[in-house]
Amino acid sequence: MVVSVQIAPPDFDRMFGALADHTRRDIVRRAISAQEGIVELASHYPMSFAAVQKHIAILERAGLVTKERTGRRKVVRTNLERLRVVRRLLDQYEELWRGRIDRMTQLISEAKESDQ
């Protein structure tokens, strides 16, 4: 059984790199509702405002969040389509590995049957 994995977008490494940090994953989660600005987001973390801004900038460069000015606030919003791209590739890898595990299970069963 051969399972192919589609070619990832050129910035896929950047998206996974951004999601590798637990603070950035939490920012993405909080920004899904798009109700908090950068100041409000920063209040959730035991780090400086500047550090939170850097995390948001990394997520923004990866295309996972956008900032939208609403009056004097910059509201952070998760780019759900980009998050779906990440999910689709993870689903493809899961399918690939499940296929390999199924094939290994089949080969082990065949080997046991031939030994008997």
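What this report covers is the structure whose coordinates are included nearby.

The rules behind each value
- Residues numbered from 1 in each chain as written.
- Predicted model: local features only at pLDDT ≥ 70, side-chain atom pairs only at ≥ 80, totals over all residues.
- Heavy atoms only, no water.
- Helix = DSSP H or I, 4+ residues; strand = E, 2+ residues; numbered from the N terminus.
- Rg over C-alpha atoms; globule rule 2.2 N^0.38 Å.
- Buried < 20%, exposed > 50% of the residue type's maximum accessible area, 1.4 Å probe, protein only.
- Contact = heavy atoms within 4.5 Å.
- Lys, Arg positive; Asp, Glu negative; His and termini not counted.
- Charge placed at Lys NZ, Arg CZ, Asp CG, Glu CD.
- Arc of directions from axis to C-beta.
- Polar contact = N/O pair within 3.5 Å; in protein donor to acceptor, adjacent residues only side chain to side chain.
- Axes fitted to C-alpha atoms, helices over the stretch in contact; angles between N-to-C directions.
- Parallel < 35°, antiparallel > 145°, perpendicular 65-115°, else oblique.
- Nonpolar A, V, L, I, M, F, W, Y, C, P; charged D, E, K, R; others polar.
- Pairing = 2+ DSSP bridges.
- Phe/Tyr/Trp six-rings, centres within 6.5 Å; stacked < 30°, edge-to-face > 60°.
- Lys NZ or Arg CZ within 6 Å of the ring centre and 35° of its normal.
- Core = buried A, V, L, I, M, F, W, Y, C linked by side-chain atoms within 4.5 Å.

**As for the overall build of the protein**
Now for step 1: Summing up its helical and strand segments, the protein has 5 helices and 2 strands in all.
Now for step 2: Each helix and strand of the protein, placed in order from N terminus to C terminus, yields the pattern α-α-α-α-β-β-α.
Now for step 3: Here the C-alpha atoms of the protein give a radius of gyration of 20 Å, more than 25% beyond the 13 Å that 2.2 N^0.38 yields for 116 residues.
Now for step 4: Viewed in the frame of its principal axes, the protein has a C-alpha envelope of about 75 × 30 × 20 Å.
Now for step 5: Looking at the 116 residues of the protein, the share that counts as buried comes to 29%.
Now for step 6: Across the protein, contacts joining residues at least 24 apart in sequence account for 56% of those joining residues at least 6 apart.
Now for step 7: A gap of 11 Å separates the mean positions of the 21 positive and 16 negative side-chain charges of the protein.

**Digging into helix α1 (residues 12-19)**
Now for step 1: The complete set of buried residues in α1 reads Phe12, Met15, Ala18 and Leu19. On an axial view of α1, the arc spanned by its buried residues comes to 125°, and they lie on one face.

**Examining helix α2 (residues 22-31)**
Now for step 1: Taken together, the buried positions of α2 are occupied by Thr23, Arg24, Asp26, Ile27, Val28 and Ala31.
Now for step 2: Among the structural elements, α1, α3 (38-42), α4 (49-61), β1 (65-70), β2 (73-78) and α5 (80-115) are those in contact with the buried residues of α2.
Now for step 3: For α2, the capping residue at the N-terminal end is Asp21, with a side-chain oxygen 2.8 Å from the backbone nitrogen of Thr23.

**Let's talk about the packing of α2 against α4**
When two helices pack together, their arrangement is given by the angle between the helix axes and by the axis-to-axis distance.
Now for step 1: Between α2 and α4, whose axes approach to 10 Å, the crossing angle comes to 75°. If you check the angle between α2 and α4, you find them roughly perpendicular. When α2 is examined against α4, the residues Thr23, Arg24, Ile27 and Val28 are found in contact with a partner set consisting of Val52, His55, Ile56, Ile58 and Leu59.
Now for step 2: A per-class count over the contact of α2 with α4 returns 6 nonpolar, 2 polar and 1 charged.

**Examining the pairing of β1**
Now for step 1: Across 6 bridges, the pairing between β1 and β2 is antiparallel. Across the sheet, Glu68 pairs through a bridge with Val75, a residue of β2.
Now for step 2: Between β1 and β2, which pair antiparallel one after the other, the connecting turn spans 2 residues, and Gly71 there sits at a positive phi close to 65°.

**As for the packing of aromatic side chains**
Now for step 1: According to the stated counting rule, one finds 1 aromatic pair in the structure shown.
Now for step 2: Over the face of the ring belonging to Trp97 we find Arg100, whose NZ or CZ atom lies 4.7 Å from the ring centre.

**Brief notes about the nonpolar core**
Now for step 1: The biggest cluster of nonpolar side chains holds 20 residues, and the ones touching the most others in it are Ile27, Ile56, Leu59, Leu64 and Val76.
Now for step 2: Contributions of two or more residues to this core are made by α1, α2, α3, α4 and α5.
Now for step 3: It is α1 that contributes the most residues to this core, 4 residues altogether.
Now for step 4: Apart from the residues lying within four places of it in its own chain, the contact partners of Leu64 are Met15, Ala18, Leu19, Leu59, Arg77, Thr78, Asn79, Arg82, Leu83 and Val86.

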